[in-house]
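As a plain string of letters, each chain reads:
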Amino acid sequence: MALDIRRFIQRFVEEAADHLPRLREGISALEQGHADREQINDLFRAAHTLKGSSRMLKLVPITALAHSTEELLSALRDGTLTATPTVTSLLSQAVDGLADLVSRLAEGATGDDLPAADEALCSALEAAALGQAPPPPITPAEAAPSSVPALPSSSTPPSSAVLVAESELRLSDTVRVRLDRLDDVIRLMGEVLSGHHHLHTLVDQARELSITPPAEQQGPFHAFHRELKDSVLSHDSLMSDLHDRALQMRMLPLSVVFDPLAHMSRELAQSLGKQVDCRVRGSEIELDRQMIDRLSDPLIHLLRNALDHGLELPAERQVAGKPPRGQLIIEAWQDAGWVVVEMRDDGAGISLEAVRQKALAKQLVSEEQLHALSEQETLELIFLPGFSTKSMITDFSGRGVGMDVVKRTVVDELNGDLQLASERGNGTRFTLRLPLSLAMMRVLLVSVGGVNLGVTAPYVSELVECSSQSFIDAAGQRTLILRNEFVPVVSLAQLLELPETESGTDTTLLLVVHQRHQKLALIIDSLIDERDMIIKPLPVHLRYLPLVSGMVSMGRNALVSLLHVPALLEVTRHSAQRANEERASSALAKRILVVDDSLNTREIEKDVLEAWGYHVTLAENGRDGLAKALAEPFDAVLTDVEMPVMDGFALTARLRENEVYRYRPIIIITSREKEADRRRGIEVGADAYIVKGSFDQNNLVETLQALLG
């Protein structure tokens, strides 16, 4: 992949603006005899950095001059040379030459536009490094042939130094600011914005006070309320705009991560005896600097795994009918308030069988638990701590640890989402969905048990108000049927051990939260507000709280805890799993295959059936269900209709073609209520057709028992 050098030249100019003054200060200290060993080391490192950075950008003249300067500084650092006036003079000339070349770049020149490095100066620097006397300077008269007049005095070397000095006096259109200072500005802006929100409360209080006095005295109070309200509203957009501008100063393009990754991929592939073409797209997309800092390590680990675990050796690829060079794509795009980062390869993919064997060998799951997992859930076992499918642990792939850290970083620390897809023989894809910034996010504020709590908007699916009669009982779990999906209902107050508030009405307010395909309906007391808020990290002594991800300020001296939705989902899911494990399962229990693309629906149907003593295996779509049904026999199959890859009608028809399932019970459970859909189900061979909208667990169990005899 060709590197777009032009995008990096401005960054090099800014970097050089730091190193050149440091070089001048060090040379001045050398002249005065004040430079210690560490200062000489700093001089050497500055020249070395300029050389390395310019070489990568193919800025040949700067590289040549920086290299010669580095040679002389190396001799000073090693102690084989002392800082004589001749040496410091040469170093000063070298810095002047570097500054001249950098100023040309700042004015828009490219590497091809730069003049060649001064060969005489480079030779003098290198000769001095060897302890040799530098060649005498060449005067303009000596340099010009007899038939050509000497150069005018305006072009003599002292004049060049003046030009360099003048170019350095011109101010740049950028200012370098320490990151901690910028962070302080953004933090203070956040505090100001949080304080400004408190003024809205004062406006409401002023409105209430304005109607308290007698009618004849309300005029001045009404006027004060209007003026206060207008003032607060006029400052709303200004405050928000100020904070947005402050955040923009900390935004960086993803190229600062993507481009080094592309370079790293080629070197690492070569060290593994593999070949790879790494293509980068969308590197101009910007993220908050804090996000990029935390994102670097997960992306490096995903890259290492793609090269070590995913891409095959050239000979293996050719045997598989693939070109010898593997393809690795790193791509980003913006989706509303999110940035999506995807890394995919065309390697061997993840072997499900290898994942199962490793999970059992490391005792991460039991055989019974493993048998009940869908293909996707089996794939995601790689995110468990200590999991590795490599037969030998290597330093390269991270010593068998790290994928759990990747997930924890993306989901817990960055409030994002991580998805994995893999197809055997065709490669693997990791998709990271991230907020633009962690500094400010949209927050939903709710009240539960007399306590105010917040949930960041990306985890909010919807608010639902319904009567308690809308819930169904599924193996002791309150459940809401929400558009072809079973969603567990949990009291948030009970989950957080808060006092439950009795509602005076028959309606229940539900906050439906989600992470990927998993949903949970939380019973709340009321909705307070929804607005952009400054996210504050938890103090160190509170970071052990798994259900809280941060804090927001609500008015003066009022902090509100932010709920960590992934942890909430995990807690409720584990509670359900523990309840299932406590039920005794008979070795002679009938084996049921449940096929549904909704994780919630699969889990709830599993809970119902296991409560009645059935042994349940789950599949996430028709193709997954068909593969599991053909791999081992089941006594009955329950399937949804609307699923990706293969729907329930097609699955039923395919199963009926198989001798094993020709007469075994197949029950369709769907939200489709039309008579035409019922007839279609009968035509393809279903034994029963249950509509989710009128779902009754007793009806399901009775139907299954009748069909199984």
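Residues numbered from 1 in each chain as written. Predicted model: local features only at pLDDT ≥ 70, side-chain atom pairs only at ≥ 80, totals over all residues. Heavy atoms only, no water.

Trainee: Explanation requested: the overall build of the protein chain in the structure shown.
Mentor: Looking only at helices and strands, one finds 23 helices and 23 strands in the protein chain. Here the protein chain, with 709 residues, has 46% of them falling under the buried criterion. Put simply, of all contacts in the protein chain between residues at least 6 apart along the chain, 69% involve residues at least 24 apart. (Helix = DSSP H or I, 4+ residues; strand = E, 2+ residues; numbered from the N terminus. Buried < 20%, exposed > 50% of the residue type's maximum accessible area, 1.4 Å probe, protein only. Contact = heavy atoms within 4.5 Å.)

Trainee: Can you help me understand helix 4 (residues 85-106) in this one?
Mentor: For an α-helix the count is 3.6 residues per turn, leaving residues at separations of three or four pointing the same way. An ideal rise of 1.5 Å per residue puts 32 Å on 22 residues; helix 4 measures up with 31 Å between its terminal C-alpha atoms. Every buried residue of helix 4 is listed here: Val 87, Thr 88, Leu 90, Leu 91, Ala 94, Val 95, Leu 98, Ala 99, Leu 101, Val 102, Ser 103 and Leu 105. (Expected span 1.5 Å × (residues − 1).)

Trainee: I tried to follow the packing of aromatic side chains on my own but got confused; where do I start?
Mentor: What the rule picks out here adds up to one aromatic pair. Where Phe 383 meets Phe 430, the ring centres are 6.4 Å apart and the plane angle is 75°; that geometry is what we call edge-to-face. Here the residue Phe 383 occupies a position in the loop between helix 15 (375-379) and helix 16 (403-413), and Phe 430 occupies one in strand 7 (residues 427-435), the gap between them amounting to 47 residues. The ring centre of Phe 44 lies 3.8 Å from the NZ or CZ of Arg 77, which sits over that ring. Between the NZ or CZ atom of Lys 692 and the centre of the ring of Phe 486, over which it lies, the distance is 5.8 Å. (Phe/Tyr/Trp six-rings, centres within 6.5 Å; stacked < 30°, edge-to-face > 60°. Lys NZ or Arg CZ within 6 Å of the ring centre and 35° of its normal.)

Trainee: I tried to follow the sheet that holds strand 21 (residues 636-639) on my own but got confused; where do I start?
Mentor: The strands that make up a sheet are held in pairs by hydrogen bonds between backbone atoms, and each pair lies either parallel or antiparallel. Strand order in the open sheet formed by five strands is 20-19-21-22-23, and the pairing between neighbours is parallel. A strand with exactly one partner marks an edge of an open sheet, and here the two such strands are strand 20 (615-619) and strand 23 (688-691). Between one strand axis and the next, the sheet turns by 20° as a mean value, whatever way the strands run. As paired strands, strand 21 and strand 22 (residues 666-670) are joined by three bridges and run parallel to one another. (Pairing = 2+ DSSP bridges. Axes fitted to C-alpha atoms, helices over the stretch in contact; angles between N-to-C directions.)

Trainee: Sorry, what's going on with the environment of Thr 69 here?
Mentor: Tracing the backbone shows Thr 69 in helix 3 (residues 60-78). Sequence-wise, Thr 69 and Leu 43 are 26 residues apart; in three dimensions their C-alpha atoms are separated by 9.7 Å. Those residues in contact with Thr 69 that lie beyond four places of it in its chain are Ala 47, Leu 91, Ala 94 and Leu 125. A polar atom in the side chain of Thr 69 sits 2.8 Å from the backbone oxygen of Leu 65. (Polar contact = N/O pair within 3.5 Å; in protein donor to acceptor, adjacent residues only side chain to side chain.)

Trainee: Would you explain the nonpolar core in this entry?
Mentor: Within soluble globular proteins, side chains that are nonpolar generally end up buried alongside one another. Membership of the largest hydrophobic core comes to 48 residues, with the highest contact counts inside it found for Leu 254, Leu 299 and Leu 432. Considering every element that reaches this core, the biggest residue donor is helix 11 (residues 289-310), with eight residues. Ignoring anything within four residues of it in the chain, the contact list for Leu 299 reads Val 257, Phe 258, Leu 261, Val 341, Met 343 and Leu 432. Grouped together as the second largest cluster of nonpolar side chains are 43 residues, Ile 27, Leu 73, Leu 81 and Ala 129 included. (Core = buried A, V, L, I, M, F, W, Y, C linked by side-chain atoms within 4.5 Å.)

Trainee: Can you help me understand the packing of helix 4 against helix 5 (residues 119-129) in this one?
Mentor: Helices that pack against each other are described as a pair by the angle of their axes relative to one another and the distance between those axes. As a packed pair, helix 4 and helix 5 sit with axes 10 Å apart at the nearest point and diverge in direction by 145°. In this structure, helix 4 crosses over helix 5, and the sense of that crossing is left-handed. Residues Leu 90, Leu 91, Gln 93 and Ala 94 of helix 4 lie in contact with helix 5, whose contacting residues are Leu 121, Ala 124, Leu 125 and Ala 128. Looking at the contact of helix 4 with helix 5, its residues break down into seven nonpolar, one polar and no charged. (Left-handed = near helix turned anticlockwise from the far one by under 90°. Nonpolar A, V, L, I, M, F, W, Y, C, P; charged D, E, K, R; others polar.)

Trainee: Before we go on, may I ask you to explain the pattern of salt bridges in this structure?
Mentor: Two side chains bearing opposite charge may form a pair once their charged atoms approach each other closely. Summed over all chains, the structure comprises 32 salt bridges. Of the charged contacts in the structure, one is a salt bridge between Asp 529 and Arg 531, with a shortest N-O distance of 2.8 Å. Of the residues examined, Arg 531 reaches a relative accessible area of 16% and is grouped as buried. The shortest N-O distance in the salt bridge between Asp 677 and Arg 672 comes to 3.6 Å. Judged by its relative accessible area of 26%, Arg 672 falls in the partly exposed class. Salt bridges sharing common partners tie together Arg 281, Glu 331, Glu 342, Arg 344 and Arg 429. (Salt bridge = Lys/Arg side-chain N within 4 Å of Asp/Glu carboxyl O.)

Trainee: I would appreciate a short explanation of the pairing of strand 23 in the present structure.
Mentor: Walk down a regular strand and you will see the side chains alternate between the two sheet faces. By the alternation rule, side chains of strand 23 split into Ala 688 and Ile 690 and Tyr 689 and Val 691, which are all buried. Sheet analysis places strand 22 next to strand 23, joined by four bridges and oriented parallel. Its bridge partner being in strand 23, Ile 667 is matched across the sheet by Ala 688. A crossover connection joins strand 22 to the parallel strand 23 through helix 22 (residues 675-684); in handedness this β-α-β unit is right-handed. (Right-handed = clockwise from strand over helix to strand, strands pointing away.)

Trainee: What exactly am I supposed to notice about the pairing of strand 8 (residues 440-448) here?
Mentor: In terms of burial, strand 8 is largely enclosed, as eight of its nine residues are buried. In this structure, strand 8 lies alongside strand 16 (residues 526-534), joined through eight bridges in antiparallel fashion. Bridge pairing in strand 16 places Val 443 opposite Arg 531.

Trainee: I'm lost on the environment of His 564 in this one. Help?
Mentor: By the secondary structure assignment, His 564 is in the loop between strand 18 (559-563) and helix 18 (565-582). Once the C-alpha coordinates of His 564 and Ser 549 are considered, the two residues, 15 residues apart in sequence, prove to be 5.0 Å apart. Residue contacts for His 564: discarding those within four places in its chain leaves Val 411, Asp 412, Asn 415, Pro 546, Leu 547, Val 548 and Ser 549.

Trainee: Looking at this structure, how should I read the side chain of Ser 54?
Mentor: Among the secondary structure elements, Ser 54 is positioned in helix 2 (residues 37-56). Filtering out sequence-adjacent residues up to four positions away, Ser 54 remains in contact with Phe 12, Leu 59, Ile 62 and Thr 63.

Trainee: Help me understand unusual backbone geometry, please; the structure alone is not making it clear to me.
Mentor: If a residue is not glycine, its phi is most likely negative; likewise, a peptide bond is most likely trans. The backbone phi angle of Asn 415 is positive, close to 55°, even though this residue is not glycine. The topology assignment puts Asn 415 in the loop between helix 16 and strand 6 (417-423).

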